[in-house]
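Breakdown of the fold
Single-letter residue listing:
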Amino acid sequence: MASASTKTKPVRLLLLVLLSAALALSSSPIVARAAVVVPETIRVALFLNLGAGKYQAITPTATLSSEGGMRLIWSDGQTNAPIGSVPAGQAAIFAMDAYRALVLETADYNAAVASLKIIQASSSAGAITQLGKSGQTVYQVTEGAYSSAAGASAALAKWTSAGAASGPALSKARVVGPWAVETGAYPSLAEAQAAADRLGDAGLEAFVALKPRGNALQFVVRVGQEQDASKLASLRQAAAAAGGANLRIPEAGEPYATMRQNVTQADGAATWYALAAGASSVIRAEPAGADGILLAERSKRTYRGHLEVSVLNQSLAVVNEVPFEQYLYSVVGVEVGQSWPLEAQKAQAVAARTYALFAGTGYQIANVVDTTLSQAYYGIGSENANSTAGVDATAGEVLTYGGKPINAVFSANAGGKTADNRIEIWGGDNSYFSAAAPSPDEGPEQGKMMWYHVALSNGMNGYIRSDLLVDSGRKHVSGAKIWRVSEDGVAVRSRPQIVSTVEPLTRLNTGELVVELKQVPEYNDFSWIEAPMTPDRLLEALNKRAKTPIAGPLRTLEVSKRGPSGRATEVKANGVAVDVGVGDNLRGALGGIKSTLISIEETGRFTIVGGGGRTREVPGQGGTLQVAGADGKARSLTASNVYVMDGDGGLRAATTSPGFVISGNGYGHGVGMSQWGARGLAEQGYDYQYILKYYYQNATIEKDAKR
């Protein structure tokens with residue numbers, strides 16, 4: 001593949017010619033009003049379980065708080081009634097009323113904390129709840145939110161073995177579940193809590209619970225935390241003897257939310273709302289003031305709008321319903337840089353609005369999710385003045401084709417040329433994507449240091465930053481330049497990038513000499529190198545996606561077909577084409593590379609021309625490699641690294657066994673708008689409408705009919 005420096009000038013020149021022609025042939029496009037309607041709000045799933053192979057983002061709890069306080073409302077489609085308020089800065093915790101491992105029940109809070117710490121070492125589902133029982137304050141340490149008693153039982157065995165159940169216990173560790181007896185209803189929370197306290201004094205586990213009735217809420221008390229219904233009859237008798245009134249055994253599937261006191265945090269108690277697993281229980285949290293709502297389990301992000309907590313598919317679901325345009329404030333703030341030109345922000349806003357509108361209700365109870373499976377959405381913290389200005393300036397504008405919103409996908413960097421969706425990526429309609437169009441994507445290289453790929457005296461090779469080398473004034477016998485290390489402790493890295501968590505291959509000191517193999521830019525979103533890629537790692541990645549497994553070991557790997565933009569559409573492993581489905585799957589199949597606009601260097605594959613012009617293919621033909629020394633004697637090559645002269649006279653790093661270096665351009669699928677390309681066009685003076693029309697050919701920019 002050509003280097004970035006050799007591609008930049010002709011790409012930019014062709015692009016300027018194309019866009020100049022567009023300017024000459026048409027006036028600025030007018031945004032038309034149309035029948036397309038952008039809804040007032042959008043529903044974004046922050047946690048959701050749609051099942052394996054679909055979408056899963058699972059949490060055992062959702063901890064909500066707001067600097068200005070919150071209002072809690074029961075809102076399930078049939079009932080819309082206030083629950084109460086949460087004071088400013090205080091938290092409310094939500095969970096599913098499921099099976100849990102009750103690891104320790106104790107009157108010693110410090111013992112409960114010690115037990116919890118053991119659980120928290122490997123689980124985020126540990127909690128301490130406080131209740132009154134037999135005349136004293138009791139702390140129950142539990143873990144999990146399991147859909148079955150068996151799952152909780154296995155967890156209990158694990159925590160008991162780990163020592164979490166040790167300590168001054170009031171009862172034996174056991175599995176608790178959602179089966180209970182109900183008493184009430186009571187006209188107020190205070191009266192329900194008084195009834196729960198009386199039952200607790202009699203040695204029963206009693207919790208106040210909310211239940212919808214018509215368009216109002218009522219308070220009841222749920223007695224017991226049983227694994228199944230077998231003990232409910234005797235539990236009902238015990239509750240009656242303790243003064244429980246209107247006792248009944250609830251039907252399975254009735255909606256409710258128990259209210260427990262969670263004292264997991266030492267700085268204060270929080271109400272823990274445990275929602276029925278098999279019912280349509282929904283609690284909505286609204287900010288009481290101008291501040292958003294913080295969700296601790298989602299990286300402590302704060303969100304506009306309101307948050308809904310419910311149970312779906314035996315898992316807690318958390319959905320943020322937010323004004324559509326305010327949702328875009330965050331999306332655009334995440335997707336493009338704060339300092340990028342306003343026209344690039346506008347282009348991103350229209351593309352993001354269109355993409356979200358095209359999604360419909362793609363996630364059952366939500367339109368989109370907050371990850372890049374939809375669009376990255378991180379709440380208020382990712383907003384900035386520039387992204388907000390881009391959204392506001394294009395309010396309601398949508399890309400359409402045939403009168404309908406298009407699937408306005410975009411990627412970070414097209415690597416200099418957009419992808420052809422029909423042939424190279426997912427297949428299907430290509431009518432509004434600009435395929436194989438030049439794109440000014442070199443921005444990530446700006447200001448980056450150059451690196452040298454070098455050979456060391458001990459036979460190793462790697463990458464050194466250019467400012468750490470000085471010219472020695474000498475040349476290698478091959479004609480390659482020899483460099484001198486300029487300071488002590490210089491890192492030699494496996495690829496041209498500093499990664500703090502990855503140790504260098506080795507370090508060199510002042511005066512040590514290295515031989516230049518080639519010069520490359522620092523690893524970035526436009527130009528990158530993945531090295532070394534071992535045969536075992538690549539074979540594992542390929543076989544995770546290959547429809548027919550590849551028999552190992554992996555000896556050769558090559559790009560066997562390319563599409564119009566130059567992207568790989570097929571690779572051959574050991575000479576056999578690998579079927580991984582659509583072209584974009586090659587990114588994962590090759591170990592999670594950034595793009596399919598790639599070249600694969602097979603370091604262990606080369607042709608040797610011997611005496612008499614005879615050739616030998618490595619590794620296709622067996623046998624050991626030998627080299628003739630200056631004394632005329634042949635010696636076997638036992639080192640892993642060798643250096644050979646290629647057909648152009650250049651020095652090349654090779655290996656005596658199969659190895660692979662994948663280099664490429666771009667980041668993402670490359671279909672539709674390139675975000676770095678949009679920035680490049682904006683910096684050249686083009687407005688957002690031309691940017692959008694350039695990447696989404698035949699699309700029309702239309703205005704929301706409501707506006």
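Conventions we followed
Residue numbering note: each chain is counted from 1, following its sequence as written. It should be noted that, the model being predicted, local features are given only for residues of pLDDT at least 70 and side-chain atom pairs only at 80 or more, the latter also being counted only at that level, while totals for whole chains, interfaces and linings use all residues. Side-chain measures here rest on the full set of heavy atoms in the structure, leaving out hydrogens and waters. To qualify as a helix, a DSSP run of H or I must reach at least 4 residues; to qualify as a strand, a run of E must reach at least 2; elements of each kind are numbered from the N terminus. The cut-offs for exposure are 20% and 50% of the maximum accessible area for each residue type, with area from a 1.4 Å probe on protein chains only; residues under the lower value are buried, those over the upper are exposed, and the others partly exposed. Within 3.5 Å is the distance limit for a polar contact, defined as a pair of N or O atoms, with the added protein rule that one can donate a hydrogen and the other accept it, and that residues adjacent in sequence qualify only through two side-chain atoms. Grouping buried Ala, Val, Leu, Ile, Met, Phe, Trp, Tyr and Cys residues that are joined through side-chain atoms within 4.5 Å yields what is termed a nonpolar core. Any two residues whose heavy atoms approach within 4.5 Å at even a single point are treated as in contact.

The protein chain is annotated in an unreviewed UniProt entry as SpoIID/LytB domain-containing protein from Cohnella hongkongensis.

Before going further, it helps to examine the side chain of Thr79. Structurally, Thr79 can be placed in the loop between strand E5 (70-75) and strand E6 (80-86). Classification of Thr79 as buried rests on a relative accessible area of 4%. Of the polar contacts made by the side chain of Thr79, one reaches the backbone oxygen of Gly214; its length is 2.7 Å.

What follows is about the nonpolar core. Formed by 106 residues in total, the largest nonpolar core has its most connected members in Tyr327, Met673 and Tyr696. Considering every element that reaches this core, the biggest residue donor is helix H7 (residues 342-359), with nine residues. Residues contacting Tyr696, with those up to four places away along its chain left out, are Ala351, Leu399, Ile406, Ala408, Val409, Phe410, Tyr432, Phe433, Ser434, Gly672 and Met673. By size, the runner-up hydrophobic cluster in this structure holds 24 residues, among which are Leu554, Ala568, Val571 and Val580.

Here we come to the environment of Val580. Along the polypeptide, Val580 turns up in the loop between strand E36 (576-577) and helix H11 (586-589). Distance from Val580 to Arg545, taken between C-alpha atoms, is 5.4 Å for residues 35 residues apart in sequence. Val580 has contacts with Arg545, Ala546, Asn585, Leu586 and Ala589, leaving out every residue within four places of it along the chain.

Burial runs high along helix H12 (residues 675-683): eight of the nine residues are buried. Taken together, the buried positions of H12 are Gln675, Trp676, Gly677, Ala678, Arg679, Gly680, Leu681 and Ala682. Within two residues after H12, Gly685 carries a phi angle of roughly 105°, on the positive side.

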